[in-house]
Amino acid sequence: MVEGVTPPTKTELRTGVLRARRAVLTDRREREAQALCHWLPALVRPGQTVCAYVPVGSEPGSEAMLDNLLELGVRVLLPVARNDADGRALPMQWGIYVPGTLAAAEFGLREPAPPWLPAGSVADAEVVLVPALAVDRNGNRLGRGAGFYDRSLIYAAPHARLVAVVRDDELVDALPADPHDVRMTHALTPSGGIVTLRG
């Protein structure tokens, strides 16, 4: 960091990443999504439970990733995000992914059909694929700021691999972090594949 220069805030970083993602052309986004699928066999094993997510907007990944995970013989759980009566993020519930059954949900998301599993079900997962705007090499993740994942990942098993899914240039050297932020153990990028983080 240059002396006397204030580092960007999380809000400023989020704005910059989202602006850059919106500028990515559709064909490149599709190529990157295919590349992410290429790395999945090295990440999971048949019989495991994997918590994943349904990408929205310009988020890396695709619904094809979910289908690929099923083809690899894993059980896929997807998040169900809700706020409490005061508008604060609750720990996420989880639903079993069944192709063709996703429904429109709050916050512009798509979610699995009920019945849903309790928040503690994330503890069954050996791998948790986590959407991120960026992640640094110490495992600090930049999310969208709602707090759903930080409130949910505290229930993950100690041995679980917490994998931030990002574009290549979103794996960076350093990000601001808060004490409550849950650190990632790995990153998954289109070109670099599975990267072990120092966190």
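Just so we're clear, the structure is a prediction, and the values are computed from it rather than from any experiment.

(A) How the structure looks around the overall build of the protein chain. Secondary structure summary: the protein chain contains five helices and twelve strands in total. The C-alpha radius of gyration computed for the protein chain amounts to 16 Å, which stays within 12% of the reference 16 Å derived for 199 residues, consistent with globular compactness. Looking at the protein chain as a whole, 46% of its 199 residues qualify as buried. Contacts spanning at least 24 positions in sequence make up 71% of the contacts within the protein chain whose residues lie at least 6 apart. Of the roughly 10,000 Å² that the protein chain leaves accessible, carbon and sulfur atoms contribute 55%. One way to put it: in the protein chain the 21 positive side-chain charges average out to a point 1 Å from where the 23 negative ones average out.

(B) The arrangement of the sheet that holds strand 10 (residues 171–172) in detail. The three strands lie next to each other as 8-7-10, forming an open sheet whose pairing is mixed. The open sheet has two edge strands, strand 8 (141–142) and strand 10, and neither has a second partner.

(C) Quick peek at helix 2 (residues 26–38). The terminal C-alpha atoms of helix 2 lie 19 Å apart, and with 13 residues this matches the ideal 18 Å at 1.5 Å per residue to within 8%. All buried positions along helix 2 are accounted for by Glu32, Ala33, Leu36 and Cys37. Angularly, the buried residues of helix 2 cover 145° about the axis, an arc narrow enough to put them on a single face. Exposed positions of helix 2 whose direction lies more than 90 degrees from the buried face are Gln34 and His38. On the buried face of helix 2, the contacting elements are helix 3 (40–43), helix 4 (63–71), strand 9 (161–165) and strand 11 (186–189).

(D) Representation of the packing of helix 2 against helix 4. Packing of helix 2 against helix 4 leaves a shortest axis separation of 9 Å and a crossing angle of 20°. Classified by the interaxial angle, the pair formed by helix 2 and helix 4 is roughly parallel. Classified by chirality, the crossing of helix 4 by helix 2 is right-handed. Seen from helix 2, the contacting residues are Ala33, Leu36 and Cys37; seen from helix 4, they are Ala64, Met65 and Asn68. By residue class, the composition of the contact of helix 2 with helix 4 is five nonpolar, one polar and no charged.

(E) Region of the structure containing the environment of Ala146. Within the element layout of this structure, Ala146 appears in the loop between strand 8 and helix 5 (148–152). Between the C-alpha atom of Ala146 and that of Leu90, which follows or precedes it by 56 residues, the distance is 9.9 Å. Among all residues touching Ala146, those that are not within four sequence positions of it are Ala89 and Arg151.

Quick notes on the rules
Residues numbered from 1 in each chain as written. Predicted model: local features only at pLDDT ≥ 70, side-chain atom pairs only at ≥ 80, totals over all residues. Heavy atoms only, no water. Helix = DSSP H or I, 4+ residues; strand = E, 2+ residues; numbered from the N terminus. Rg over C-alpha atoms; globule rule 2.2 N^0.38 Å. Buried < 20%, exposed > 50% of the residue type's maximum accessible area, 1.4 Å probe, protein only. Contact = heavy atoms within 4.5 Å. Areas by Shrake-Rupley, 256 points an atom, 1.4 Å probe, with all protein chains shown as cover. Lys, Arg positive; Asp, Glu negative; His and termini not counted. Charge placed at Lys NZ, Arg CZ, Asp CG, Glu CD. Pairing = 2+ DSSP bridges. Expected span 1.5 Å × (residues − 1). Arc of directions from axis to C-beta. Axes fitted to C-alpha atoms, helices over the stretch in contact; angles between N-to-C directions. Parallel < 35°, antiparallel > 145°, perpendicular 65-115°, else oblique. Left-handed = near helix turned anticlockwise from the far one by under 90°. Nonpolar A, V, L, I, M, F, W, Y, C, P; charged D, E, K, R; others polar.

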